[in-house]
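Coordinate inspection notes
Each chain is listed here by its residues.
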Amino acid sequence: MVAAGDGPWLDDAAGRLVRPYTVSNGRTRPTTALDLLSQVMATGATPLGYLGPEHSMALELCRAPISVAEIAAHLKLPAAVTKVLLSDLVDCGALTTKPPVFHHNPTDQSLLEAVLDGLRRQL
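It should be emphasised that the depicted structure is a prediction, and the values quoted were computed from it without experimental measurement. (Residues numbered from 1 in each chain as written. Predicted model: local features only at pLDDT ≥ 70, side-chain atom pairs only at ≥ 80, totals over all residues. Heavy atoms only, no water.)

**Here we look at the overall build of the chain**
A tally of regular secondary structure across the chain gives five helices and five strands. The secondary structure elements of the chain, listed N-terminal to C-terminal, are β-β-α-β-α-β-α-α-β-α. Expressed as a percentage of the 123 residues in the chain, the buried residues total 29%. In the chain, the share of contacts with a sequence separation of at least 24, taken over all contacts with a separation of at least 6, comes to 67%. (Helix = DSSP H or I, 4+ residues; strand = E, 2+ residues; numbered from the N terminus. Buried < 20%, exposed > 50% of the residue type's maximum accessible area, 1.4 Å probe, protein only. Contact = heavy atoms within 4.5 Å.)

Pasting the structure below:
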């Protein structure tokens, strides 16, 4: 088993030992509007109060601008839970957000096919 401070609480046989809704204290709605493509970045401010291990891991990932979707993937958490965690960090001043800017149609089929092709090549 992996130590709590070393990453998500995982067990090789059992998988995640802590349910995602437990990580967000049962909350399902973030207090800050975040899109999956929103960029978040650490402000350098030290959050006051207790942060769970997932909050700390998310904050570490945010040293450089990173999307909400990428953080969810790194943390191996659902996007909804990740948004709640990031929202907590925004609320305490530890993160800043920037909404996505689209210079194209984000539902353009050729763009989506190119993204899918790129993802397939990565796997």
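**Overview of the side chain of Thr82**
Within the fold, Thr82 resides in helix α4 (residues 79-91). Leaving out residues up to four positions away in the same chain, Thr82 has contacts with Val68, Ile71, Ala72 and Leu77.

**A closer look at the sheet that holds strand β5 (residues 95-98)**
One open sheet accounts for three strands, arranged β4-β3-β5; its pairing is antiparallel. Two strands in the sheet have a free side with no partner beyond their single neighbour: β4 (66-67) and β5. (Pairing = 2+ DSSP bridges.)

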